[in-house]
Amino acid sequence: MGTIHTGALACVALAAMLAPTQAPARAAFLDMKAQGPGVCQAALPAFEGQVRKRPLALQNEGTAIAFVSCAVPQFTAAELNDPDFGVTVTFVNSSATAATINCTGVSFSYGAGGLTIAYIPKSVAVPAGTQIDSPYALKWDEINTPGAGPYTTVSCALPPGTGVAAVRSANGLVLIPD
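This one's a predicted model, so the numbers in the text were calculated from it and none came from an experiment.

Definitions and limits used
Residues numbered from 1 in each chain as written. Predicted model: local features only at pLDDT ≥ 70, side-chain atom pairs only at ≥ 80, totals over all residues. Heavy atoms only, no water. Helix = DSSP H or I, 4+ residues; strand = E, 2+ residues; numbered from the N terminus. Buried < 20%, exposed > 50% of the residue type's maximum accessible area, 1.4 Å probe, protein only. Contact = heavy atoms within 4.5 Å. Areas by Shrake-Rupley, 256 points an atom, 1.4 Å probe, with all protein chains shown as cover. Disulfide = S-S within 2.5 Å. Pairing = 2+ DSSP bridges. Axes fitted to C-alpha atoms, helices over the stretch in contact; angles between N-to-C directions. Core = buried A, V, L, I, M, F, W, Y, C linked by side-chain atoms within 4.5 Å. pLDDT = per-residue confidence, 0-100.

1. With respect to the overall build of the protein chain
Phase 1: A count of helical and extended segments in the protein chain gives three helices and 11 strands.
Phase 2: Ordering the α and β elements of the protein chain from the N terminus gives α-β-α-β-α-β-β-β-β-β-β-β-β-β.
Phase 3: A buried classification covers 39% of the 178 residues belonging to the protein chain.
Phase 4: Sequence separation of at least 24 residues holds for 75% of the intrachain contacts in the protein chain that already meet a minimum separation of 6.
Phase 5: Within the structure as shown, the protein chain displays about 10,000 Å² of accessible surface, and the carbon and sulfur contribution to it stands at 62%.

2. Considerations on the state of the cysteines
In a disulfide, the sulfur atoms of two cysteines are covalently bonded to one another.
Phase 1: Evaluation of the coordinates by the stated rule reveals two disulfides.
Phase 2: Across the disulfide, Cys 40 is cross-linked to Cys 70 (sulfur-sulfur distance 2.0 Å). Because the torsion about its S-S bond is 105°, the bridge between Cys 40 and Cys 70 counts as right-handed. On the criterion of sequence distance, the pair formed by Cys 40 in strand β2 (residues 40-42) and Cys 70 in strand β5 (residues 66-70) is long-range, its members being 30 residues apart.
Phase 3: A disulfide bridge connects Cys 103 with Cys 156, and the sulfur atoms are separated by 2.1 Å. On the sign convention where negative is left-handed, the bridge of Cys 103 and Cys 156, at about 110° about the S-S bond, is right-handed. Here Cys 156 lies in strand β10 (residues 151-158) and Cys 103 lies in strand β7 (residues 99-111), a separation of 53 residues in the sequence. Across the pair, exposure class does not vary: Cys 103 and Cys 156 are buried alike.
Phase 4: When the bonded cysteines of the protein chain are counted from the start of the sequence, the pairing works out to 1-2, 3-4.

3. Considerations on the sheet that holds strand β8 (residues 114-126)
Phase 1: Taken together, the five strands give an open sheet; going across it, the order is β2-β5-β10-β7-β8, and neighbouring strands pair in antiparallel fashion. The open sheet has two free edges, formed respectively by β2 and β8, since each of these has just one partner strand. Shown here is a sheet whose adjacent strand axes are inclined to one another by a mean of 20°, direction ignored.
Phase 2: Two strands pair when backbone bridges link them, and β7 and β10 are joined in this way by seven bridges, in the antiparallel orientation. Paired with Cys 103 across the two strands is Cys 156, which belongs to β10.

4. Concerning the nonpolar core
Phase 1: Formed by 28 residues in total, the largest nonpolar core has its most connected members in Phe 91 and Val 164.
Phase 2: Here this core takes four residues from β8, the largest share from any one element.

5. Focus on the confidence of the model for the protein chain
Low pLDDT marks stretches whose predicted atomic positions should not be read closely.
Phase 1: For the protein chain, the mean per-residue pLDDT works out to 77, and 70% of the residues sit at or above 70.
Phase 2: Mean pLDDT across the secondary structure elements of the protein chain bottoms out at helix α1 (residues 2-18), with 45, and peaks at β5, with 93.
Phase 3: Here residues 1-19 is modelled with pLDDT under 50, and outside its nearest four sequence neighbours on either side it reaches zero contacts, counting other chains as well.

Rendered as structure tokens:
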């Protein structure tokens, strides 16, 4: 009887070790940031000759406006209605004159009525000589930008000397077990 009893105790001990435990959860902010050259490209082959993928920015080195598109890295399980949720694009300007950068955020979402697509234009004035730590950015988020949804891509008209330094996608808080 001792052998059966010892074997049963070993099985119970093994089951207790393998059983999932309730670990306390902590909140984590999901945030993805990529440099412009990694997620942006010229919108048409005609703009390829003007746009250069530099280490710190996707830069328009031509003499005319070049259109670029940025596919923003995003988490698919975002917590919606969070003011930090959204897409932010940061710009640089290496030219000798200030420039206005015009962009359109193309946002889509799925709801009870099906697919909804919104085109949301924005612009920002970027002073001459603005480098990689630029505070000049545009943001599309659900709270402050009517029509912005959980999936947003961006198309921008870059004047000569300007560029996309970074693209950030912030998707709210999630609980992660410790």
